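Take a look at the letters that make up each chain.
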Amino acid sequence: PVIVPLLKLAVAVCLLMSVLLFLERLYMAVVIVGVKLLGRRPERRYKCDPICEDDDPELGSAAFPVVLVQIPMFNEREVYQLSIGAVCGLSWPSDRLVVQVLDDSTDPLIKEMVRMECERWAHKGINITYQIREDRKGYKAGALKAGMKHGYVRECEYMVIFDADFQPDPDFLHRTIPYLHHNPEIALVQARWRFVNADECLMTRMQEMSLDYHFKVEQEVSSSVCAFFGFNGEIQSGLPFRCCYSTLVIYPWHLSNKSQ
Ligand SMILES: *[C@@H]1O[C@H](CO)[C@@H](O)[C@H](O)[C@H]1NC(C)=O
């Protein structure tokens, strides 16, 4: 006698939620179609010409802004080499690229391996520093924040964060930094992720499809209507858009400092 009304209530709640979900998707679809029809894609809306030395040959590599790349790590035995290697392989003048490996690992062996990997890249002329902390306060966000406290960070105009399992393509900075460089109103660029093994594994492929929905639809809608979006960092000012490529987040920190 109690169970039946309860079940009925549950069915009603489920129905209501389905309707809400459907309305949300409908709203997304309308905005996305609008964006397409009006040609409001980020690459049309914003100036994103590549930065190059030819504009002012005398400047040389000084024509490029200094970019700080942060890679937070926590016991990443399998992937640390790939991500550090990919970041050090980014095509950008090497005197305009500063790499911070922020290692919160608890395993001394892994710490040593990561430190040696950084040293190896430093010998090849990459401006890379290996940084550890006394404690793990604030976890990953704490590590990123601790990285910002170093004096030389003031010389960096833009900042990029890659998780330890990301492998950015070499042209990542050339495709993303121009948006920030030419458009002072933009505080953050969010690029889309891919899985390296999406073609080999059905589970990964399915995961990638749901991520694609998140990046391509949800985030593009938030970006287009200047709404809040799902970035769990300090900035919530919301002008993300993707550069349909592999990896993560960029925002000009001097801008966000100013606005907060
Ligand atoms: C690395 O970059 C920072 C910031 O531009 C600079 O202060 C520092 O001297 C550079 N280190 C090396 C070894 O080039």
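Each value, and the rule that gives it
Residues numbered from 1 in each chain as written. Predicted model: local features only at pLDDT ≥ 70, side-chain atom pairs only at ≥ 80, totals over all residues. Helix = DSSP H or I, 4+ residues; strand = E, 2+ residues; numbered from the N terminus. Buried ≥ 20, exposed ≤ 12 C-beta atoms within 10 Å, placed from the backbone. Contact = placed C-beta atoms within 7 Å. Pairing = 2+ DSSP bridges. Near = placed C-beta within 6 Å. Nonpolar A, V, L, I, M, F, W, Y, C, P; charged D, E, K, R; others polar. UniProt positions renumbered as here; feature names shortened; annotations may be inferred. pLDDT = per-residue confidence, 0-100. Right-handed = clockwise from strand over helix to strand, strands pointing away. Core = buried A, V, L, I, M, F, W, Y, C linked by C-beta atoms within 7 Å. Axes fitted to C-alpha atoms, helices over the stretch in contact; angles between N-to-C directions. Parallel < 35°, antiparallel > 145°, perpendicular 65-115°, else oblique. Left-handed = near helix turned anticlockwise from the far one by under 90°.

Engineer: Now, about the overall build of the chain: what can you tell me, with residues and values included?
Structural biologist: Per the secondary structure count, the chain includes eight helices and six strands. Helices and strands appear in the chain in the N-to-C order α-α-β-α-β-α-β-α-β-α-β-α-β-α. Put simply, the chain has 260 residues, and 27% of those count as buried. Look at the contacts in the chain between residues 6 or more apart in sequence, and 74% of them connect residues 24 or more apart.

Engineer: Break down the pairing of strand E3 (residues 127–132) for me, with residues and values.
Structural biologist: Note: strand E2 (residues 97–103) against E3, six bridges, orientation parallel. Among the inter-strand pairings, Gln100 is bridged to a residue of E3, identified as Thr129.

Engineer: I'd love a proper account of the site of the ligand, names of residues and values included.
Structural biologist: Lining the immediate environment of the ligand, one finds Val66, Val98, Asn127, Tyr152 and Glu155. Here the residues of the shell around the ligand are counted per class, giving three nonpolar, one polar and one charged.

Engineer: Quick rundown of the UniProt feature "transmembrane region" (unreviewed entry) in the chain? Include the residues and the values.
Structural biologist: Residues given the UniProt feature "transmembrane region" (unreviewed entry) here are residues 6–35. End C-alpha to end C-alpha, residues 6–35 measures 43 Å, and it is 100% helix and 0% strand.

Engineer: Which residues make up the confidence of the model for the chain, and what values go with them?
Structural biologist: In the predicted model, the chain carries a mean pLDDT of 78, and the fraction of residues at 70 or more is 83%. The element-level mean pLDDT for the chain is lowest in helix H8 (residues 253–259), coming to 36, with helix H4 (residues 108–123) highest at 94.

Engineer: Lay out the pairing of strand E1 (residues 67–73) with the relevant residues and their values.
Structural biologist: Of all seven residues that make up E1, seven are buried, and the element is covered over most of its length. In this structure, E1 lies alongside E2, joined through seven bridges in parallel fashion. Note that in E2 the partner of Val69 across the bridge is Val99. Of the crossover connections in this fold, the one passing from E1 over helix H3 (residues 80–88) to the parallel E2 is right-handed.

Engineer: Break down the nonpolar core for me, with residues and values.
Structural biologist: In terms of nonpolar packing, the biggest core is built from 42 residues, with Val67, Val69, Ile71, Val87, Val99 and Val101 touching the most fellow members. Among the elements of the structure, E1, H3, E2, H4, E3, strand E4 (158–161) and helix H6 (172–182) are those that each provide at least two residues to this core. In this structure, Ile71 is in contact with Ser83, Ile84, Val87, Val101, Leu102, Phe162 and Ala164, ignoring residues within four places of it in sequence.

Engineer: Requested: an account of H3, with residues and values cited.
Structural biologist: Looking at H3, one finds that the buried residues are Tyr80, Ser83, Ile84, Ala86, Val87 and Cys88. Those residues of H3 hidden inside the fold are in contact with E1, E2, H4 and E3.

Engineer: Explain unusual backbone geometry to me, and be specific about the residues and the numbers.
Structural biologist: Although it is not a glycine, Asn75 sits at a positive phi angle of roughly 50 degrees. Structurally, Asn75 is set in the loop between E1 and H3. The exposure class assigned to Asn75 is partly exposed, which follows from the 16 C-beta atoms found within 10 Å. Positive phi outside glycine occurs at Tyr139, with the angle close to 50 degrees. In this fold, Tyr139 is placed in helix H5 (residues 139–148).

Engineer: Which residues make up the packing of H3 against H4, and what values do they have?
Structural biologist: Put simply, H3 and H4 touch, their axes get as near as 10 Å, and they point 20 degrees apart. Relative to H4, the element H3 is oriented roughly parallel. When the axes of H3 and H4 are compared, the crossing they make is right-handed. Residue-level inspection shows Tyr80, Gln81, Ile84 and Cys88 of H3 in contact with H4, the latter providing Val114, Glu117, Cys118 and Trp121.

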